Every structure is written in structure tokens, then in C-alpha cells.
Amino acid sequence: MHWSEEIAQRIIDRNPEKEEYVCAAGVSPSGSVHIGNFRDIATPLFVVKSLQKKGKKARLLISWDEFDRCRKIPANVQAVVGDSYDKYIGCPYVDIPDPWGCHENYAQHFEEEFLKGIEPFGIQLDCRYQAEMYRSGKYTDRVITAIQKRGEIFEILDSFKTKDLSKSEEQRRAEHDAEKAVYSPVSIFCPECHTDFTTVTAFSEDGTEADYTCRCGHSGHFNFRENFNCKLGWKVDWAMRWGYEGVDFEPGGKDHSAPTGSYNNSKLIAKRIYGYEAPIYQGYEFIGIKGMTGKMSSSSGLNLTPETLLKLYQPEVLLWLYAKTDPIKAFDICFDDGILRQYFEFDKLLTDCREGKASDLMQDIAYLCRVEGREVETVPMSLLVQLGSIVNFNVPMLETVFEKIGTPYKAEQFADRLDRAKFWLEQCAPDQVNRLRATRNWEVYESLSEQEKQEIALLHDYIAKGGYTLDELNSQLYAIPKAVFGADLGDKELKGAQGAFFRAVYKLLIDKERGPRLYLFLYAIEAEKYVGLLDFSYPKTEAEQTADAAANAEACPVVEESAAHGEPDPVAPIKEQVVMDDFDRLDLRVCKILKAEPVRKSHSCLKLTLNDGLGERVIMSSIKAEYTPEMLVGKKIIVIANLKPNRICNVNSNGMLLAATNNACGCKVIFVDDSVPEGTAIH
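None of the values given here were measured: they were computed from a predicted structure.

Q: Describe the overall build of the protein chain, listing the residues and the values that go with them.
A: Regarding its fold elements, the protein chain presents 26 helices and 22 strands. Across the 683 residues that make up the protein chain, the buried fraction comes to 46%. Sequence separation of 24 or more characterises 70% of the internal contacts of the protein chain that already satisfy a separation of 6 or more. Roughly 34300 Å² of accessible area belongs to the protein chain as shown, and the carbon and sulfur atoms make up 50% of that amount. For the protein chain, the distance from the average position of its 82 positive side-chain charges to the average position of its 104 negative side-chain charges is 2 Å.

Q: Pulling in residues and values, what's your account of the pairing of strand β10 (residues 280–284)?
A: The element β10 is largely enclosed, with a buried count of 5 among its 5 residues. Residues Ile 280, Gln 282 and Tyr 284 line one face of β10 and the alternating positions Tyr 281 and Gly 283 line the opposite face, and both faces are buried. Here strand β9 (residues 249–253) runs beside β10; their pairing, made up of 5 bridges, is parallel. Its bridge partner being in β10, Gly 253 is matched across the sheet by Tyr 284.

Q: Lay out the sheet that holds strand β6 (residues 209–214) with the relevant residues and their values.
A: Across the sheet, 3 strands lie side by side as β5-β6-β7; this open sheet has antiparallel pairing. Both edges of this open sheet fall to β5 (198–203) and β7 (219–223), since each of them pairs with a single strand only. When strand polarity is set aside, the average angle formed by the axes of neighbouring strands in this sheet is 30 degrees. The pairing of β5 with β6 spans 5 bridges and is antiparallel.

Q: Requested: an account of the packing of helix α21 (residues 470–485) against helix α22 (residues 491–510), with residues and values cited.
A: Where α21 contacts α22, the axes come no closer than 9 Å and their chain directions differ by 115 degrees. Once α21 is placed against α22, the crossing between them reads as right-handed. Here Leu 477, Tyr 478, Ile 480, Pro 481, Lys 482 and Phe 485 of α21 come into contact with α22, specifically with Leu 494, Ala 497, Gln 498, Phe 501 and Phe 502. A class-by-class count of the residues in the contact of α21 with α22 yields 9 nonpolar, 1 polar and 1 charged.

Q: Please set out the environment of Glu 179 residue by residue, giving values where relevant.
A: Relative to the assigned elements, Glu 179 resides in helix α8 (residues 169–182). The partly exposed category is assigned to Glu 179, whose relative accessible area is 38%. For the pair Glu 179 and Phe 154, spaced 25 residues apart in sequence, the C-alpha to C-alpha distance is 8.7 Å. Apart from residues no more than four positions distant in its own chain, Glu 179 is found in contact with Phe 154 and Lys 161.

Q: How would you summarise the nonpolar core if you had to cite specific residues and measurements?
A: Ranked by internal contacts, the top residues of the largest apolar core, which has 112 residues, are Phe 38, Tyr 313 and Ile 333. Within the second largest apolar cluster, 43 residues are counted, among which are Ile 147, Ile 153, Ile 156 and Tyr 281.

Q: Describe the side chain of Arg 417, with residues and values.
A: In this fold, Arg 417 is placed in helix α18 (residues 411–428). Owing to a relative accessible area of 2%, Arg 417 belongs among the buried residues under this scheme. Setting aside residues no more than four positions away along its own chain, Arg 417 makes contact with Gln 314, Tyr 343, Phe 346, Asp 347, Val 376, Glu 377, Thr 378, Val 379, Met 381 and Leu 384.

Q: For the pattern of salt bridges, give the residues involved together with the corresponding values.
A: Taken as a whole, this structure holds 38 salt bridges when the rule is applied. Of the charged contacts, one joins Glu 155 and Lys 180 as a salt bridge, the two residues approaching to 2.9 Å between their closest N and O atoms. With Glu 155 in helix α7 (residues 150–159) and Lys 180 in helix α8, this pair connects stretches of sequence that are 25 residues apart. Judged by relative accessible area, Lys 180 falls into the partly exposed class, the value being 33%. Overlapping salt bridges bring together Glu 20, Arg 59, Asp 126, Arg 128 and Glu 245 as one network.

Q: I'd like a rundown of the packing of aromatic side chains, residues and numbers included.
A: The geometry of an aromatic ring pair comes down to the distance between the two centres and the angle between the two planes. Applying the stated criterion across every chain, the model contains 34 aromatic pairs. Their ring planes at 90 degrees and their centres at 5.1 Å tell us that Tyr 139 and Tyr 244 sit as a pair that is edge-to-face. Of this pair, Tyr 139 sits in the loop between α5 (130–135) and α6 (140–148) while Tyr 244 sits in helix α9 (residues 234–245), and the two are 105 residues apart along the sequence. We classify Tyr 244 as partly exposed; its relative accessible area is 29%. Pairing Tyr 322 with Phe 331 gives two aromatic rings, centres 5.0 Å apart and planes at 90 degrees, and the pair type is edge-to-face. There is no split in this pair, since Tyr 322 and Phe 331 are both buried. Of the aromatic side chains, those joined through ring pairs into one cluster are Phe 67, Tyr 134, Tyr 139, Phe 189 and Tyr 244. We note Arg 215 situated over the ring of Phe 197; from NZ or CZ to the ring centre the distance is 3.7 Å. The aromatic ring of Tyr 523 is capped on one face by Lys 404, whose charged end is 5.7 Å from the ring centroid.

Q: Can you tell me about the packing of helix α17 (residues 395–404) against α18, naming the residues and giving the values?
A: Each pair of packed helices gets described by two things: the angle between the helix axes and the distance between those axes. Running from N to C, α17 and α18 point in directions that differ by 115 degrees, and their axes come no closer than 11 Å. Where α17 crosses over α18, the two elements pack in a sense that is right-handed. Only Ala 411, Phe 414 and Leu 418 of α18 make contact with α17, whose side of the interface consists of Val 395, Leu 398, Glu 399 and Phe 402. Broken down by class, the residue content of the contact of α17 with α18 amounts to 6 nonpolar, no polar and 1 charged.

Q: An account of α22 is needed here, citing residue identities and associated values.
A: Since one α-helical turn is 3.6 residues long, residues separated by three or four positions face the same way. With 20 residues, α22 ought to run about 28 Å at 1.5 Å a step, and its terminal C-alpha atoms sit 28 Å apart, in line with that. Where the residues of α22 are buried, they touch α19 (442–446), α20 (450–465), α21 and α23 (518–524). In the segment just after α22, Asp 511 is the residue with positive phi, at about 65 degrees.

The rules behind the values
- Residues numbered from 1 in each chain as written.
- Predicted model: local features only at pLDDT ≥ 70, side-chain atom pairs only at ≥ 80, totals over all residues.
- Heavy atoms only, no water.
- Helix = DSSP H or I, 4+ residues; strand = E, 2+ residues; numbered from the N terminus.
- Buried < 20%, exposed > 50% of the residue type's maximum accessible area, 1.4 Å probe, protein only.
- Contact = heavy atoms within 4.5 Å.
- Areas by Shrake-Rupley, 256 points an atom, 1.4 Å probe, with all protein chains shown as cover.
- Lys, Arg positive; Asp, Glu negative; His and termini not counted.
- Charge placed at Lys NZ, Arg CZ, Asp CG, Glu CD.
- Pairing = 2+ DSSP bridges.
- Axes fitted to C-alpha atoms, helices over the stretch in contact; angles between N-to-C directions.
- Left-handed = near helix turned anticlockwise from the far one by under 90°.
- Nonpolar A, V, L, I, M, F, W, Y, C, P; charged D, E, K, R; others polar.
- Core = buried A, V, L, I, M, F, W, Y, C linked by side-chain atoms within 4.5 Å.
- Salt bridge = Lys/Arg side-chain N within 4 Å of Asp/Glu carboxyl O.
- Phe/Tyr/Trp six-rings, centres within 6.5 Å; stacked < 30°, edge-to-face > 60°.
- Lys NZ or Arg CZ within 6 Å of the ring centre and 35° of its normal.
- Expected span 1.5 Å × (residues − 1).

Purely geometric stuff here, so don't read any function into it on its own.
Have a look at this one:
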């Protein structure tokens, strides 16, 4: 039985007569809602589907926490507005202007971005917008209940706190009583500065009114039955909403699932304050990213939204990743070759189900992955990647190639995957793009032995003659080394000769030692497009000489002669002392250099693309006179990651690397040991 069916059965057993079951999730529009948050939706979605499978009425309720206070401006928003949005910290997201000006407010921008992004999943959502719920007065009675029972709520929350054993019982009791006396379960948004930097100074005896002051200097009186611009604290709010909506099931991340976490706090508040049994709960593990690093976070600016992921994954494959994995276990969203394996495993599941070979559990998973109105064609993603790059993703040519190799897939069958294959290859694995050379590779050819050159000549003649089948071509590729080096070679020596032959062919055609299966590669492309690259029977042409000279110049850039090194600079005196808080303001982290490129408009700068542990960033660095790109790519360096962006040569530079500059040595970048993971903080 699938885990979602087990949860569904527990829900039914708990309340068998309920007319409609409610499975809930909460989403904060603090920034782009990333794919990690999708587990908060996928988990109750599968439970809803399992309840419906059992003949029960169920719905998926999504609460948009747009009335939450803004705690931090995400990196992608800062890139648009700079520091100008810092003034909105403490304001509800719904009261902040949309940075891009295309929606009514900040919250709506990211809500609609997410809702549009998940449309391909066909998920039916019942949305609650918390700003409207609070400001319409729907929660008023429950807010007043929390105020009236604030002492009990404080005791519940305090019971989960770790006690400071360094203090005496008397000290702890005194602090407890002092905190309890001023505790407020509700925050009031100031009508002047619109933030929640307010302090309640007194409640009325019946809990319906309060006096408050704000950090901005404003003071006021608040009537909770007439003014609804306030919000309960998170753990109280969560418990209150369960009862209001009649929630039967809700999941939460592992941070909420700890013994002292939010769920256990809210569970007691729901029971003791609101008289409601907390819903069945399921904790879940966070999602990993393979091929990139760093925990996904909507406040980090790493914009891995469902819409972005759907450029790589079909919706059914993403649902399968979530459905096949127990919520308490992690899995990876893959940007590397792992995605091809995931597609292969998904296709096998689907094929086994269609052929009646799948177990009951596998059939349950396939049911949960189904998207209404869609039928998945299991055209191998790995083949689309390999063959697509060969024919530059030309659809008619791809149909022809599939026909040639005995798998006659048509455009309508691979259309849903083709753009995803192209996107992955070009954006995530550009090193795997296969492009035929424009000219013969004389450098490689001249490095071959006479026998190896004979192999190339035999292959050229065989291809030029034509008239072979796919199987015949495959056999010939293995036969050529045997014919040249002798049939009496041992198995090990023969395999070595065949491997060297294949590598030589790849290098001559696509400048790589590896590529798609060679027989498929050579059979798929029209022979006239590459056979000339194997013909070395005539001398190097003038065009080839020019191309080789240009390639050599690009591959071996000359580092400009730096100023002659001389005596070391005078050692500067120690600067004014700083405290740890000053140092902690600097975000110094280890980054890996992914790309290093000269900038056309700059004589001194290189454009560096880095992996900073959360994603990619670009910095400009004036080290062109000291380093070539080849000297930098793959190295790890230290970067000031929170330096205010600067525009250099029309490039936004986000950070600055650390280097030592001295007359005795010039500018020397500080490199970090390769064993240190990207994103590691420098302390």
C-alpha cells in the first residue's frame, strides 16, 4: 500500500462520517515559490487522490500566507529594486508594491507566478488568501479567544523551550513571569509605518481592546472587533486555522516536525485553546539539488520554480519523483546526467503498468502521477538528447533518424519531450552538445600512427561507398581495427585497439573523445555531411590553415606582460580595530569558477561565472593580465558575496574575489583547496 493510502485510511478511521475531507498546505509568497515548497503541496495532493480513490469527497486547501510580515528581501528582488525595499521589512507581503509593477502587490506577483507554473499539473486548489481572511473579520472571534487565553498559550509555548540551566530556578521563574506578563499572541500593524514593529502595552479585561506603541513613535488604541489589521503569531495562527477550516491532514517540513517544533506547539494550542483535535500530520524531508548545490530557498534568489523545472521535467515525471519517495526521505532534482536515469526509470514504470507487469504499489504510484487529459509517450530521453544534438533538433530529420535506427517515433510522440531535451542539453550539459567540425582535424590526424591513419582511410572509403545497413555499419566499426592490426590480437589488445579507433573518430568529427554510440551517430547523419572530415588524401587547404591558426590563438591566449616584479611594497600598518559584528557582516564564501571569459570592452577584466553554493553568479575581476581562462576554470576561490552589485562594462558584477596584490608578485588570486564544498563560509 502506498504511503498516501495509509494516511488516507487513518483519516477515514478517525472521522468516518465526515462528508468532505480537507487536506491543507500553506505557502508564503515571500518570493518565487521554489520546487522545494512543492512537496508541501504534493504530499496532501496524493492523500486527496487516495481519499478520492476510496470513494470519498476530498479537497486540497492552500492557504496563501500573504499576511505574514516581510523578513528579508530576496536576491532576485534586490537586483531590481536595490535597497529601496528595506523599508518594507515588517510589512505584510500584501501591502508591499510589486517590484515589477505588473500586479497589484508583491504577494500577488508571486502567487500568480506559482499558480500559473503549476497549471500543467492539473491540480484543483481551493485557495485561501490570509490577508482577506483577517481583514474581513472572519477570524475576529478566534483572535479574541487567543487574547483572552494568552496566559495559557504562553505556558504551552514556554513548555517547549529549552531551559537555561546556568540560571537558578528562582531566576528562571522571575524571567518566566516577566515574559508572561507582557506576552501578546497577536501583532498589530501600525497605521503610520504599516509594520508590525509594535508593542502591546495593555489589554482590556475582556481582551477586545489594546493599547500599543510602535518603533516609529506612533501610539494608539486598538479595538479588535472594529479593526482587523492584526495577525496571530505563527503557532497560534496555524492552530486557529485548523479549526476554522476543519483540516483533517497537513504536512510540514522537518523543521516543524521536531519534538519542540511548530506542529507539537500548535497541536496543544488547537486542543486546549480552540477545542479542536489537530489534523493528522506528516513531516517531510527537504529536496536536494544534484548538479547544483545548496538548499533551495525562496529568499535566496535561486529561482527554481515549478515553471522552471517543467522546462526539464514533464509534470508526470516530477509527480513521480514525489510519489515514489516516502515523505521522510530526501530525493534529488537533477540537473546533471541523473535526469536521464530518472526518465528511464519513469518510462519503465509506465511500460510495466501498461503491460500488466507492475506490482500494486507501482500501479498506485502511476495513478498518483497521472495528469488529466495527458498521455505520456515513453520516447527515451537519452536518445532525444543524443540524436537531437546530432541533427540540431530538426524535427523532420529526427523522424528520419528514428526511422533509420528501427524506432520510428513520430513528431507528435516526442514533441512533449524534445524541447526539454534541448533545454537540458544546452543549459545544463553544454559540454555534451555534439557538433560536427567545419574542417578536418589535422592536429589529431597527424598525431596518429600509420596503422591508425590506415583505419581512418578504411572507414572513409566504407562510408563514401554507402549502401550499408545499421547492423553492417556497427560490425564494420569493430572489424576495421581487427583488419589493420591483425586477427591474431588477443581480446584485451583488440579491445584496446578498437577503443583507440573510436576515440580517434570522435576527435576527428566532434573534437571529443566520446560521443553518442558511434554506429548510431554515423548512421543518423547524412554521410556527405561528415565523410569529408575523414578524407586526408589531399593537403591542408588555405581555409583550414586559417581556421587552425584562429583556433590556436583562441585556445592559447597570451597573458599580457605584467609590470616587472621588484621589491615588495612597504608593509602597511594595522588598520583600526573592528569587532566580530563588523566581520560577520561580510558574507565570505567559497565559490567554484565555472567559466572565465574575456570581455570585449575591457582590457583588464575577465567575466567569471561562479557556483556560490546556492546557484550561479557573475563577477568581473581585473585579473586579465595575470591569468588566462584556462588557469581559472575549475578552481575554487573566496568571494565577498554580499557586496553591493556594480555594473562594469555593461555586466552586473555580483561580488568581489579575494586576491593579494604586491609589487613583488603582482596580483595573485587566493585559491582554496578543492575538497572545500562550494558555499562554505569563511570564518
